[in-house]
Amino acid sequence: MMIYFNEQTNEKLEDVLNRLGRLPPLPESIQRINRMIDSEQTTLDAVGHEIAKDYALSAQVLQLINSSFYGFSDRISSIKQAVVLLGLNVIRTLTGTSWVSEMIKDSSKGLHHHSLATARTSYVLSGALSIGEPEEIASLGLLHDLGKAVLAKFLPEDFQQVRNITDHNNICFHQAELEVLGVTHAVVAGRLLQKWNLPERVVQPISHHHDEKLPDAFRKETALLRLADLMVRAEGCGYVGDLSMPDFPGEIAEELHLSLADLHMLADEAYDQMRRIPRYIGDRAL
Amino acid sequence: MKDVPIDDIASGTILAASLMSEKGSLILSRGTVLSDSILARLRRIGVEALPVSVNQEKLEQERSDLREAIEKRFQGSERNPYLQELKRIAIGHLNGESSENPTQIV
Ligand SMILES: [Fe+2]
Ligand SMILES: [Fe+2]
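A quick note: this is a predicted structure, and the numbers were derived from the prediction, not measured. (Residues numbered from 1 in each chain as written. Chains lettered and ligands numbered in written order. Predicted model: local features only at pLDDT ≥ 70, side-chain atom pairs only at ≥ 80, totals over all residues. Heavy atoms only, no water.)

Concerning the pattern of salt bridges
Side-chain pairs of opposite charge can arise whenever the charged atoms involved come near each other.
Residues and elements named next belong to chain A.
Here is step 1 of the chain: Overall, the coordinates contain 17 salt bridges over all chains when judged by the stated rule.
Here is step 2 of the chain: The residue Asp15 makes a salt bridge to Arg19 at a minimum N-O spacing of 3.8 Å. Remark: Arg19 and Asp15 occur in helix α1 (residues 7-20); sequence separation between them is four residues, near one turn of the helix.
Here is step 3 of the chain: Across the pair Glu28 and Arg35 runs a salt bridge, and its minimum N-O distance is 2.9 Å.
Here is step 4 of the chain: Of the residues examined, Glu28 reaches a relative accessible area of 43% and is grouped as partly exposed.
Here is step 5 of the chain: The partly exposed category is assigned to Arg35, whose relative accessible area is 45%. (Salt bridge = Lys/Arg side-chain N within 4 Å of Asp/Glu carboxyl O. Helix = DSSP H or I, 4+ residues; strand = E, 2+ residues; numbered from the N terminus. Buried < 20%, exposed > 50% of the residue type's maximum accessible area, 1.4 Å probe, protein only.)

Printed below as a string of structure tokens:
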């Protein structure tokens, strides 16, 4: 599936992607694992073995799913166990996420904090609303603002121009991006994640997390991600370049069958998780 | 002086009482400025909370700044019931309400 836009958006997106220049390709070790997962004859054991061979990668994947990262119980302590419990599709997302998320870690403290809080909140919402696998849905939260990290690093002047607008006006970052670049960080991230072979269930919700309306595909996942982002921003957890809340269309609550009382309960639970993000996390000590 | 969870302590905070090991030897003396590396080391040996002096005035100031930030964030969202609810919740959390004692929902 492709991400569909009108022609004008596509042109602007191509322009931005061209100016971003050559971004690194997905590491060969992860590509090899993806190929194994895609092949028909593969076994869980073989994939687990391949990941475990790459010490850094397996450490990162375990870190993604165990308590040092999300603050949940150490349900999974080895790659072998992760492969069995989560399945190959989720493992594929996690290997990609572990590599891509380095870019978020290396960006600003505020964005890193915001991303981590959104990941934790997505995890909470996934479990409570029974949407997707929590470990995979958490990746949506972690990576959703990847586009901001990329723009800040590779198009610093445009990024600064966007910041100038949000600093002086009561508008959201993605609205200012439309003025300056013609596309949002959401769309840019979607294209990059697609290029890096993340699955569509991750790519699509991220691409559309600032659309006015929910997209036709992956509606629930997109609604969940938008809600997580709103909850984190409501608490002022982290900083993402602007100070005003994005819109919260009724469509989101309807899609997730949420009453105001449900919203309150979930927001309390999410806040408990946000509070547990240690202060030092922003210092890249993750 | 108050025992504050170690993850909530910012670097630069001052230790309000000396820290002794179980055997009675001094680990850190009162007045030590807690740096990130000291905090990380304490965390590693399993320290969960530390006595630090809480500056009441500073705390009040922080809270009122945060309150102001919430107002600013939600400016213009008065007619959206969901955003209004998120705002109420955030103010509640700022005032120390959590899931243990949820606010009454009207
Ligand atoms: Fe965003
Ligand atoms: Fe965000």
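Quick word on the coordination of the iron ion (ligand 1)
Residue and element names in this part refer to chain A.
Here is step 1 of the chain: Surrounding the iron ion (ligand 1) are the protein donor atoms Asp145 (OD), His185 (NE2), His209 (NE2) and His210 (NE2), at 2.2 Å.
Here is step 2 of the chain: Because the angles between the four donor atoms bound to the iron ion (ligand 1) fall within 80 to 169°, the donor set is best described as irregular.
Here is step 3 of the chain: Coordination of the iron ion (ligand 1) draws on donor residues from a single chain, spaced D-x39-H-x23-H-H in sequence.
Here is step 4 of the chain: Between the iron ion (ligand 1) and the iron ion (ligand 2), a spacing of 3.7 Å is present, and a bridge between the two is formed by Asp145. Of the two residues, His209 and His210, neither departs from the other in class, the shared state being buried. (Donors = N, O, S within 2.8 Å, 3.2 Å for Na, K, Ca; no water. Tetrahedral: all angles 85-135°; square planar, octahedral: opposite > 155°, others 65-115°.)

Some thoughts on helix α2 (residues 28-38) of chain A
All names here are of chain A.
Here is step 1 of the chain: Among all positions of α2, only Ile30, Ile33, Asn34, Met36 and Ile37 are buried. Burial along α2 is one-sided: seen end-on, the buried residues are contained in an arc of 160°.
Here is step 2 of the chain: Of the surrounding elements, those touching the buried residues of α2 are α3 (44-53), α4 (55-65) and α6 (79-105). (Arc of directions from axis to C-beta. Contact = heavy atoms within 4.5 Å.)

With respect to the packing of α3 of chain A against α6 of chain A
Residue and element names in this part refer to chain A.
Here is step 1 of the chain: Where α3 meets α6, the axes come as close as 10 Å, and the angle between the chain directions of the two elements is 75°. One way to sum up the angle between α3 and α6 is to call them roughly perpendicular. For the pair formed by α3 and α6, the contact residues are Leu44, Asp45, Val47, Gly48, Ile51 and Ala52 on the first element and Ile79, Lys80, Val83, Val84, Leu88, Ile91 and Thr95 on the second.
Here is step 2 of the chain: Of the residues assigned to the contact of α3 with α6, the class counts are nine nonpolar, two polar and two charged. (Axes fitted to C-alpha atoms, helices over the stretch in contact; angles between N-to-C directions. Parallel < 35°, antiparallel > 145°, perpendicular 65-115°, else oblique. Nonpolar A, V, L, I, M, F, W, Y, C, P; charged D, E, K, R; others polar.)

Notes on the state of the cysteines
Here is step 1 of the chain: Applying the stated criterion to the full structure yields zero disulfides over all chains.
Here is step 2 of the chain: Free cysteine Cys172 of chain A: the closest other cysteine sulfur is in Cys237 of chain A, separated by 17 Å. (Disulfide = S-S within 2.5 Å.)

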